[in-house]
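Each chain, written out:
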Amino acid sequence: MKRVVVTGLGAVTPVGNDIPTFWENLVAGKNGIGLLDRFDTSDYKAKVAAQVKDFDPSLYLEKGEIRKSDLFCQYAMAAACQAVEDSGISGKVAPERFGVYFGSGIGGLITMSNEIQKLLEKGPKRVSPFFIPMMIANMAAGNIAIRFQAKGPCLPVTTACATSTNEVGEAFHAIRAGLADVILAGGAEAAITPIGVAGFTNCMALSLSADPDAASLPFDNRRSGFVMGEGAGALVLEEYEHAKRRGAKIYAEMTGYGCTCDAYHMTAPAPGGEGAARAIGLALEESGGAQWPLYLNAHGTGTPLNDTTETQAVKAALGEKAKDVLISSNKSMTGHMLGAAGAVEAIVSVLALSKGEIPPTIHLQEPDPACDLDYVPNQARKVQANMALSTSLGFGGHNACVAFRRIEGDQDGN
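## Remarks on the packing of aromatic side chains
Given two aromatic rings, their pairing is described by the distance between the two centres and the angle made by the two planes. For the coordinates displayed, the defined rule picks out four aromatic pairs. Ring centres of phenylalanine 219 and tyrosine 375 lie 4.0 Å apart, and the angle between their planes is 10°; on these two criteria the pair is classed as stacked. One end of the pair, phenylalanine 219, is in the loop between α8 (194–202) and β6 (231–239); the other, tyrosine 375, is in the loop between α13 (341–355) and β10 (387–394), with 156 residues separating them in the sequence. Since its relative accessible area comes to 1%, phenylalanine 219 is described here as buried. We classify tyrosine 375 as buried; its relative accessible area is 4%. One residue, lysine 321, lies across the ring of tryptophan 292, its end atom 4.4 Å from the ring centre.

Here you go:
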């Protein structure tokens with residue numbers, strides 16, 4: 001089996017539209033959640049969201065491309081362009097050996113909403129001829145592949161909130177098996193729309209707090225639901241020897257991936273976190289076991305069921321050593337970025353290894369007695385972890401976990 005390393009990163013998030021800004025704000029504990037101002041929320045119970053701010057698609061797309069693409073695709077292209085530039089991979093990989101694994105949990109919900117409104121108000125002839133290609137969830141992957149002439153495997157995955165963790169994991173397995181030399185993996189989401197917010201509210205998933213500092217509260221006893229976020233994350237995964245030959249910068253090595261299903265309920269996790277524990281166990285097994293210090297970027301949505309169940313899953317997977325794991329949830333700052341969450345959280349895991357610092361879980365003021373592990377509350381911690389895990393748990397019972405380890409002396413490809 002081939003070794004796989006991370007050589008490029010890109011992100012568009014509620015706390016920064018590039019990697020340096022994102023990481024600086026994350027470590028500083030900056031809250032990206034604010035009052036929802038995209039539309040009138042007078043009739044809505046949910047009043048806050050983690051919105052991307054000051055995003056300029058013209059930095060990455062021509063005017064015509066912007067007009068013909070949904071916002072989730074624009075976010076995806078921005079993150080992909082950043083990651084490719086960061087990696088320096090352009091022109092250094094054969095097109096047939098370059099893949100794109102990029103997904104979305106929902107796809108073009110903004111386009112869907114706008115075109116349905118046109119249909120109802122003005123009739124079928126006014127529906128855009130670009131409606132279908134703008135709306136379908138695979139188009140981010142397709143557009144990215146076209147931009148970078150990536151003619152290798154292209155796999156858009158949709159597994160709700162586990163989407164982009166599955167993308168990163170499946171890309172890892174493809175490179176490990178020799179099916180590609182480089183894969184651009186990630187996910188994007190832009191579902192902060194009237195119908196999106198109404199739907200998540202009515203399935204009792206969202207926090208109804210109107211206070212941005214008391215809405216997304218992972219592992220806190222006051223938690224009552226998640227806050228909708230949006231954006232995109234992209235990672236360039238590369239076969240190790242390929243990266244070394246070209247002298248690539250290496251952030252970390254990817255070592256494991258676990259993928260399971262609860263087969264239990266449409267939206268609720270299985271009691272005890274059995275499925276999530278197996279995903280963590282599979283990622284660790286493929287990695288050859290845990291390495292310490294160990295950081296775990298939790299799914300950590302701030303819903304009553306998720307956080308308790310995820311705590312149980314970590315304990316089931318790691319036993320007595322669970323108390324030694326450094327855990328944090330960046331959803332306390334970014335909200336829940338849905339199909340983009342896993343990729344962004346994998347990026348956080350990689351940067352934690354590369355930078356030697358663990359970002360905090362902010363607003364953790366009243367710890368839940370049932371969530372009794374170390375969630376790095378409120379302040380970042382200077383710790384050089386040797387391994388990082390990132391977990392994602394999606395509606396439908398999808399569980400995914402990816403594992404990375406620090407490589408000493410290889411940051412410059414030597």
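Following the structure, the description resumes.
## Side note on the nonpolar core
Judged by nonpolar contacts, the single largest core of 50 residues is most densely connected at Leu9, Leu235, Leu237 and Phe404. For this core, the elements supplying multiple residues, two or more each, are β1 (4–12), α1 (19–27), α7 (163–176), β5 (182–189), β6, β7 (252–261), α13 and β11 (398–405). It is α13 that provides the largest number of residues to this core, a total of 10 residues. If we ignore the near neighbours within four places in the chain, the residues touching leucine 235 are Val6, Gly8, Leu9, Val168, Ile183, Leu184, Ala185, Ala343, Ala346, Ile347 and Val350. Core analysis: the second largest hydrophobic core is formed by 36 residues, Phe72, Cys81, Phe98 and Ala188 among them.

## Brief notes about the side chain of glutamate 167
Along the chain, the position of glutamate 167 falls in helix α7. For the buried glutamate 167, no salt bridge exists, and the shortest N-O distance to an oppositely charged side chain is 17 Å, to lysine 331. In terms of polar contacts, glutamate 167 uses its side chain to reach the backbone amide nitrogen of phenylalanine 102, at 3.4 Å. Glutamate 167 has contacts with Tyr101, Phe102, Gly103, Leu155, Pro156, Val157, Ala185 and Gly186, leaving out every residue within four places of it along the chain.

## Remarks on the pattern of salt bridges
With the rule as written, the count across this model stands at 19 salt bridges. In this structure, glutamate 115 and lysine 118 form a salt bridge, with 3.2 Å as the shortest nitrogen-oxygen distance. One end of the pair, glutamate 115, and the other, lysine 118, are both in helix α4 (residues 109–122), three residues apart, so they sit about a helical turn from each other. A salt bridge links lysine 321 to aspartate 324; the shortest N-O distance between them is 3.5 Å. Overall, aspartate 324 belongs to the partly exposed group, its relative accessible area being 37%. Shared partners join several salt bridges into a network, and the residues in it are Arg3, Glu253 and Arg405.

## Regarding the sheet that holds strand β4 (residues 98–103)
On the basis of which strands lie adjacent, the open sheet formed by nine strands has the order β4-β5-β6-β1-β7-β11-β10-β8-β9 and mixed pairing. Edge strands, defined here as strands with exactly one partner in the open sheet, are β4 and β9 (326–328). The average undirected angle you get between the axes of adjacent strands in this sheet is 25°. Here strand β8 (residues 294–297) pairs with β9 via three bridges, running parallel. Across the sheet, residue leucine 296 finds its bridge partner in β9, namely isoleucine 327.

The rules behind each value
Residues numbered from 1 in each chain as written. Predicted model: local features only at pLDDT ≥ 70, side-chain atom pairs only at ≥ 80, totals over all residues. Heavy atoms only, no water. Phe/Tyr/Trp six-rings, centres within 6.5 Å; stacked < 30°, edge-to-face > 60°. Helix = DSSP H or I, 4+ residues; strand = E, 2+ residues; numbered from the N terminus. Buried < 20%, exposed > 50% of the residue type's maximum accessible area, 1.4 Å probe, protein only. Lys NZ or Arg CZ within 6 Å of the ring centre and 35° of its normal. Core = buried A, V, L, I, M, F, W, Y, C linked by side-chain atoms within 4.5 Å. Contact = heavy atoms within 4.5 Å. Lys, Arg positive; Asp, Glu negative; His and termini not counted. Salt bridge = Lys/Arg side-chain N within 4 Å of Asp/Glu carboxyl O. Polar contact = N/O pair within 3.5 Å; in protein donor to acceptor, adjacent residues only side chain to side chain. Pairing = 2+ DSSP bridges. Axes fitted to C-alpha atoms, helices over the stretch in contact; angles between N-to-C directions.

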